[in-house]
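A closer look at the structure
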Amino acid sequence: MKDKQIAKLIKEEKARQKKVINLIASENIVSADVLEALGSELTNKYAEGYPDKRYYGGNKIIDKIEKLAKERALKLFGLKKGKWFVNVQPLSGSPANVAVYVALVPVGGKIMGMSLTAGGHLTHGHKVSISGNFWKQVPFGVDEKTETLDYKSLQKLAEKEAPNIIVAGFTAYPRIVDFKKFSKIAKSVGAILMVDMSHFAGLVAGKAYPSPFDYADVVTTTVHKTLRGPRSAMIFSKNPEHAAKIDKAIFPGMQGGPHENQIAAVAIALGEANTPKFRKYAKQVIKNAAALSNELKKLGWRIISGGTDSHLILVDTWMGGKGLPGKEASDRLERAGIIVNKNTIPGESRSPMDPSGIRLGSAAETTRGRKEADMRKIARKIDKVLRAKK
Ligand code: DSN
């Protein structure tokens, strides 16, 4: 690289990534092929529109790439062409979610989504996101005691509020979501069911977590978390009318030219995920998260909901004032070479910038080949760092 300043910084970041234990639940490590596609000449091309319907010339090869990405997306999740539709152009998860609302929810309509502190995402209708500005959030949380979803109270809330769309999905909920129950609730009030599977898409692909496709009307996902692809997103929909509206919302509604280098990298990641090796990986991700969670629990840390069914663990480090605030826990761990993020916990009593917990995930370290014994060792290191006298 001729730009010495950027070359140096890339080298430094690469070295940092190699050196640390990465427990950020939304991160992963992509293959050399994914990196190669991202850095390819495909980035030079404008391709506004969709395959065979572009506004610029010179897109014959680009069309083949985007069609391949779409085919692989449907195949990976066992979906039939013509029964399900997929848009692979969203630049990332937030625009993908907002595009669904733009397409399917009238401005001012209601989005019933998990609140941020309970484990939802900003784009599930939080007021600081556009999703909570142009639409009205009907927030739901988790049961105070079990810290898991309470479907009876969700049913009552849906009946009271009559939302246009219900969003099932999370960024910090460690348990299995019952999509069948969500679907029943949505149907009973005439709402669209959208599942945001960004966090667990790789686990669904690897058949290690329930698939939402039998129950959802729309499924959004990022590609870069457990799915181990480039930063990107996809929107799946079942109803052809929904699909046409979603396509329009993405382009020309919200985006211009799709990032075809990114779409090629998505196609590669989808191919990589459709292998026995990846299915084994997905199962190991869950085993590793369980090992980490169980060991931390044994060491006296409070694990939200008592454990995990996924790649993700939420630890109450504050423990009502007996422990450490989430920010200090995260800072201390970073100094010790363990990267996590501070996170709110259900019933949060502190602030989002300095909440009561930390979120851990096993996807990246599993990519590095770590197994349960390694995760137990990491748990003991976390415990030592968090309990050390200042
Ligand atoms: N930033 C992602 C996460 O960490 O879960 C969600 O957008």
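So, how was this worked out
Sequence order as written defines the numbering, with residues in each chain counted from 1. This being a predicted model, a pLDDT of at least 70 is required before a residue's local features are given, and a value of 80 or more before pairs of side-chain atoms are given or counted; all residues contribute to the totals for chains, interfaces and linings. With hydrogens and water excluded, all non-hydrogen atoms of the structure serve as input to the side-chain values. Put simply, two rings from Phe, Tyr or Trp (the six-membered ring, in Trp's case) pair if the centres are within 6.5 Å, and we call them stacked under 30 degrees between planes, edge-to-face over 60, tilted for the rest. We call a residue buried when its accessible area falls under 20% of the maximum for its residue type, exposed when it is over 50%, and partly exposed in between, using a 1.4 Å probe and counting protein chains only. Look at NZ for Lys and CZ for Arg. If either is within 6 Å of the ring centre and within 35 degrees of the ring normal, a charge sits over the ring. Here, any two strands with at least 2 DSSP bridges between them count as paired. Comment: elements are numbered from the N terminus, with helices defined as DSSP H or I runs of at least four residues and strands as E runs of at least two. The criterion used for residue contact is that any of the two residues' heavy atoms lie within 4.5 Å. Note on geometry: axes are C-alpha line fits, over the in-contact stretch for helices, and angles between N-to-C directions span 0 to 180 degrees.

1. Remarks on the packing of aromatic side chains
- Inspection of every chain in the model, using the stated rule, returns 15 aromatic pairs.
- A centroid spacing of 5.9 Å and a plane angle of 55° characterise the contact between F170 and Y173, whose relative ring orientation is tilted.
- Look at F170 and you get buried, because its relative accessible area is 1%.
- With relative accessibility at 3%, the residue Y173 sits in the buried group.
- Connected via pairs of aromatic rings, a cluster forms that spans F170, Y173, F179, F200 and Y209.
- When the ring centre of W318 is taken as origin, the NZ or CZ atom of R350, which lies over that ring, is 4.3 Å away.

2. A closer look at the sheet that holds strand β14 (residues 341-343)
- With respect to topology, 4 strands assemble into an open sheet ordered β11-β12-β15-β14, the strand pairing being antiparallel. This sheet does not close on itself; its edge strands, each paired only once, are β11 (302-303) and β14.
- Note that β14 and strand β15 (residues 357-361) share 3 bridges and pair antiparallel. Along β15, the bridge assignment pairs N343 with G357.
- Running over the sheet, helix α11 (residues 326-335) touches β14 and β15 and is turned about 45° from β15.

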